[in-house]
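The primary structure of each chain is shown beneath.
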Amino acid sequence: MLKKILTLIIIVTALSASAIAQEPAHKFDGFVGYSYLRLKGERLPEDSALSLKRESANLNGWQGSGTYYVVDNLGLTADFAGNYGRVRFTTSSALSPVRFTEDFSVRLHTFHFGPTVRHGVGRATFSAHALLGVARLSGDGESDTAFSGAFGVGVDWRLNKRFSVRVGQFSYMFSRFDSPGERTQDGFRYSGGIVGHF
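As a starting point, this report considers the structure included with it. The model shown is predicted, which means the values in this text are computed figures rather than measured ones.

Calculation criteria
- Residues numbered from 1 in each chain as written.
- Predicted model: local features only at pLDDT ≥ 70, side-chain atom pairs only at ≥ 80, totals over all residues.
- Heavy atoms only, no water.
- Phe/Tyr/Trp six-rings, centres within 6.5 Å; stacked < 30°, edge-to-face > 60°.
- Helix = DSSP H or I, 4+ residues; strand = E, 2+ residues; numbered from the N terminus.
- Buried < 20%, exposed > 50% of the residue type's maximum accessible area, 1.4 Å probe, protein only.
- Patch = residues over 30% accessible without salt bridge, like charges linked within 9 Å, V, L, I, M, F, W, Y side chains within 5 Å.
- Areas by Shrake-Rupley, 256 points an atom, 1.4 Å probe, with all protein chains shown as cover.
- Salt bridge = Lys/Arg side-chain N within 4 Å of Asp/Glu carboxyl O.
- Polar contact = N/O pair within 3.5 Å; in protein donor to acceptor, adjacent residues only side chain to side chain.
- Core = buried A, V, L, I, M, F, W, Y, C linked by side-chain atoms within 4.5 Å.
- Contact = heavy atoms within 4.5 Å.

Description of the packing of aromatic side chains
Alright, step 1. Taken as a whole, this structure holds eight aromatic pairs when the rule is applied.
Alright, step 2. Judged by centre distance (6.2 Å) and plane angle (45°), the ring pair of Phe28 and Phe198 falls under tilted. Of this pair, Phe28 sits in strand β1 (residues 28-39) while Phe198 is found in the segment after β10 (185-197), placing the two residues 170 residues apart along the sequence.
Alright, step 3. With a relative accessible area of 33%, Phe28 lands in the partly exposed category.
Alright, step 4. Given the relative accessible area of 56%, Phe198 is considered exposed.

Structural data, given as structure tokens:
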């Protein structure tokens, strides 16, 4: 996992070299919109004859971010998001065909910071980000906080001087909640909405 993180940070840093050569544009982007998070399912280690599996889950919510471009097209981003839904756990036994399922209502909030690079082509602006921070998971009276990150790319379509539509931002996300037999939780996040330029 650490190797993947370092590789993505190197890629974003390398892209910034060409981004710096571009013509300066607006200094600040503010984004607000919809967020969809797909959490990957995971089979947890068996305990004697029992097997526990966390099913894949679909969480919907919101996302907001602000990016200040310190050097032309290289910026620093603060990203916040909330995703909500239900996660199902399935318990099965090698001794019985019967399976037991239990659903939990969850709320996942992420707070990420890091570099973003952008490159404009006509009305389209392409970007890449490498963000690290924390995730806060809560539900059913319990909560936990863990190290988290998001790495991905996006494309905005300019409507006018002040506003663009974020057609899509696609991110690989991970967290390191202390779960029995599971060191890393990961998934995919899509977001889209309105971007304001200042």
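Continuing now.
So, a nonpolar patch on the surface
Alright, step 1. A contiguous nonpolar surface patch, about 570 Å² in accessible area, is contributed by Phe28, Tyr68, Val70, Val71, Leu76 and Phe198.
Alright, step 2. Of the residues forming the nonpolar patch, the biggest block, three residues, is contributed by strand β4 (residues 57-71).

Some points on the pattern of salt bridges
Alright, step 1. Counting across every chain of the model gives five salt bridges.
Alright, step 2. The closest approach of N and O atoms between Asp29 and Arg118, which form a salt bridge, is 3.8 Å. Taken as a pair, Asp29 in strand β1 and Arg118 in strand β6 (residues 96-121) lie far apart in primary sequence, 89 residues in all. Here Asp29 matches Arg118 in class, with each residue buried.
Alright, step 3. In this structure, Arg166 and Asp156 form a salt bridge, with 2.8 Å as the shortest nitrogen-oxygen distance. Pair noted here: Arg166 is in strand β9 (residues 163-175) and Asp156 is in strand β8 (residues 142-158), with a separation of ten residues, a long-range link. Grouping residues by exposure puts Arg166 and Asp156 together as buried.

Here's the deal with the side chain of Asn73
Alright, step 1. Along the chain, Asn73 falls in the loop between β4 and β5 (74-93).
Alright, step 2. Engagement of the side chain of Asn73 in a polar contact is seen with the side chain of Arg118, the distance being 2.9 Å.

Here's the deal with the nonpolar core
Alright, step 1. Among the nonpolar cores identified, the biggest contains twelve residues, and these are Leu37, Leu39, Ala57, Leu59, Val87, Val106, Leu108, Ala135, Ala146, Ala150, Met173 and Phe177.
Alright, step 2. Those elements that place two or more of their residues in this core are β1, β4, β6 and β8.
Alright, step 3. Setting aside chain neighbours within four positions, we find Met173 in contact with Leu37, Thr110, His112, Gly149, Ala150, Gln185, Asp186, Gly187 and Arg189.

Some points on unusual backbone geometry
Alright, step 1. Despite not being glycine, Asp72 has its phi angle at roughly 50°, a positive value.
Alright, step 2. By the secondary structure assignment, Asp72 is in the loop between β4 and β5.
Alright, step 3. Of the residues examined, Asp72 reaches a relative accessible area of 23% and is grouped as partly exposed.
Alright, step 4. At Asp140, a position not held by glycine, the phi torsion is positive, near 55°.
Alright, step 5. With respect to the helices and strands, the residue Asp140 is situated in the loop between β7 (124-139) and β8.
Alright, step 6. The exposed category is assigned to Asp140, whose relative accessible area is 52%.

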